[in-house]
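Results of the structural survey
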Amino acid sequence: MVDKEQFETVGDGLLVRAPAKINLSLLVAGQRPDGYHELETIMAKVNWYDEILIEPGLKAGIELICQGPQWAPAGEENIIYRAAKLLLNSFGRSVDIKITLTKNIPAGSGLGSASSDAAATLMGLNRYLDIQLPNRQLAKLAPQLGSDVAFFLNGPLAQCSGKGEKTKKLNKKFNFLALLILPDVSASTPKVYANYKHNQPLYEKLSNQINLYIQKNRIDLVVKMCANMLQTSSFGLVEGLAELKAKIESLGIGPCCLSGSGSTIFFIIERGDEERARQYKHKVKEKIGCKSIIVSNNRW
Ligand code: C5P
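What you are looking at is a predicted structure, and each value in this text was computed from that prediction instead of being measured.

Comments concerning the pattern of salt bridges
Oppositely charged side chains can form a pair if their charged atoms are brought close together. As enumerated under the stated definition, the model contains 12 salt bridges in all. A salt bridge links K103 to D117; the nearest nitrogen and oxygen atoms lie 2.9 Å apart. Remark: D117 occurs in helix α2 (residues 113-128) and K103 occurs in the loop between β5 (97-102) and α2; sequence separation between them is 14 residues. Three or more residues joined by partner-sharing salt bridges are found here, namely E8, R17 and E51.

Quick look at the structure:
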């Protein structure tokens, strides 16, 4: 994948890119009284994007068109529609706007694409309509749309807590290549959380270790742990995913991690070693028949 800028003027419209993310670690600290789970997660944006084109409307209100290789719900069911409505209502704006989503990143893959689309819509409309809100104001709207949305307003590398909406930018540069292995199955995030069984001693052990590495600025060592406390739940629900991960690891390409609630499995390669990434991609296709793509850390 090629690094691209977030905003680009296209005719009288504005193109906004919405990157995917991976969870370099994902710890669950327990269930909250509101039913959500308290998280500690390190997320990194990668340079694979959905594209959102904002143009003057030809119809009254918000018109949303979905296209591209991946499915996305049309109209009011789409988080982009809800994000646009939320921003316009919050600032008493009533405009006719046409939004075209090109969906490249699959839903239900743990790559955060719906949340990223929502954040890109907030940022894009803010710019396109010259509302001029700072990101911290947009971040106040974000939790109404989803727990991950605030991260996509910041980043590209952050430690997130609470439901995921409290983001602390990690200033350490962590340059990497990653092979994202994309099984042909999707995982339902609410179901994976509902099926989750908490393990407090494991949480404490992982949390202490990861915080120590963060203090030492060793994100590379955090990644090597492949800590994802949703994995057992996700593997219990998504048929064939545990077996797939075991098969990939048996190819001898190193430890693989699950992103978010699944289903993407990834592994990190040193930046600059594109040749190795290409070899692994080929191996995964050849031996396991699974599609994968090579990405790198996003720069914004
Ligand atoms: O916030 P978002 O809509 O992305 O979350 C989807 C679902 O995942 C929630 O309805 C909830 O069931 C679960 N969730 C959770 N704890 C979190 C984030 C999400 O239980 N911290």
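From this point, the narrative continues.
Here's the deal with the site of the ligand
Taken together, the neighbourhood of the ligand is formed by G35, Y36, H37, L39, G146, S147, K163, T189, P190 and Y193. One nitrogen or oxygen atom from the main chain of H37 is found 2.8 Å from a nitrogen atom belonging to the ligand. One of the side-chain nitrogen or oxygen atoms of S147 is found 2.5 Å away from an oxygen atom of the ligand. Out of a free accessible area of 450 Å², the ligand has 73% covered by protein chains. Of all the secondary structure elements, the ones that give two or more residues to the shell around the ligand are β3 (37-56) and α5 (189-194).

Regarding the packing of aromatic side chains
A full pass over the atoms with the stated rule returns four aromatic pairs. Seen from their ring centres, F151 and F152 are 5.1 Å apart, and the 70° between their planes marks the pair as edge-to-face. Taken as a pair, F151 and F152 share a single burial class, namely buried. Between F174 and F176 the ring centres are 5.3 Å apart and the planes differ by 40°, which places this aromatic pair in the tilted class. For the pair formed by F174 and F176, the shared burial category is buried. The lysine or arginine in question, R127, covers the ring of F7, its NZ or CZ lying 3.8 Å from the ring centre. Directly above the aromatic system of Y36 lies the positively charged group of K163, at a separation of 4.0 Å from the ring centroid.

Quick word on the environment of E274
Positionally, E274 belongs in helix α10 (residues 274-288). For E274, a relative accessible area of 33% translates into the label partly exposed. C-alpha of E274 to C-alpha of K169: the two residues are 105 residues apart in sequence and 27 Å apart in space.

Looking at α10
With 15 residues, α10 ought to run about 21 Å at 1.5 Å a step, and its terminal C-alpha atoms sit 21 Å apart, in line with that. Buried within α10 are the following residues: A277, Y280, V284 and I288. Here the buried residues of α10 occupy an arc of 65° about the axis, which is enough to place them on one side. Where α10 is buried, its residues meet β8 (176-182), α9 (241-250), β10 (265-270) and β11 (291-296). With its phi angle positive at about 75°, G289 sits one or two positions after the end of α10.

Regarding the pairing of strand β2 (residues 13-31)
Side-chain positions along a regular strand alternate between the two faces of the sheet. The buried fraction of β2 amounts to 17 of the 19 residues, a majority that puts the element mostly inside the structure. Counting the residues between successive antiparallel strands, the hairpin from strand β1 (residues 7-10) to β2 contains two residues, one of them, G11, with a positive phi of roughly 60°. The sheet contact formed by β2 and β3 spans 16 bridges and is antiparallel. Counterpart to R17 in the pairing with β3 is E51. From the end of β2 to the start of β3, which pair antiparallel, there are five residues, and G35 there has a positive phi angle of about 95°.

Let's talk about the environment of G236
Note that G236 resides in helix α8 (residues 231-237). You can call G236 exposed: its relative accessible area is 61%. Along the chain, G236 and L101 lie 135 residues apart, while their C-alpha atoms are 33 Å from each other.

Rules used throughout
- Residues numbered from 1 in each chain as written.
- Predicted model: local features only at pLDDT ≥ 70, side-chain atom pairs only at ≥ 80, totals over all residues.
- Heavy atoms only, no water.
- Salt bridge = Lys/Arg side-chain N within 4 Å of Asp/Glu carboxyl O.
- Helix = DSSP H or I, 4+ residues; strand = E, 2+ residues; numbered from the N terminus.
- Near = heavy atom within 4 Å.
- Polar contact = N/O pair within 3.5 Å; in protein donor to acceptor, adjacent residues only side chain to side chain.
- Areas by Shrake-Rupley, 256 points an atom, 1.4 Å probe, with all protein chains shown as cover.
- Phe/Tyr/Trp six-rings, centres within 6.5 Å; stacked < 30°, edge-to-face > 60°.
- Buried < 20%, exposed > 50% of the residue type's maximum accessible area, 1.4 Å probe, protein only.
- Lys NZ or Arg CZ within 6 Å of the ring centre and 35° of its normal.
- Expected span 1.5 Å × (residues − 1).
- Arc of directions from axis to C-beta.
- Contact = heavy atoms within 4.5 Å.
- Pairing = 2+ DSSP bridges.

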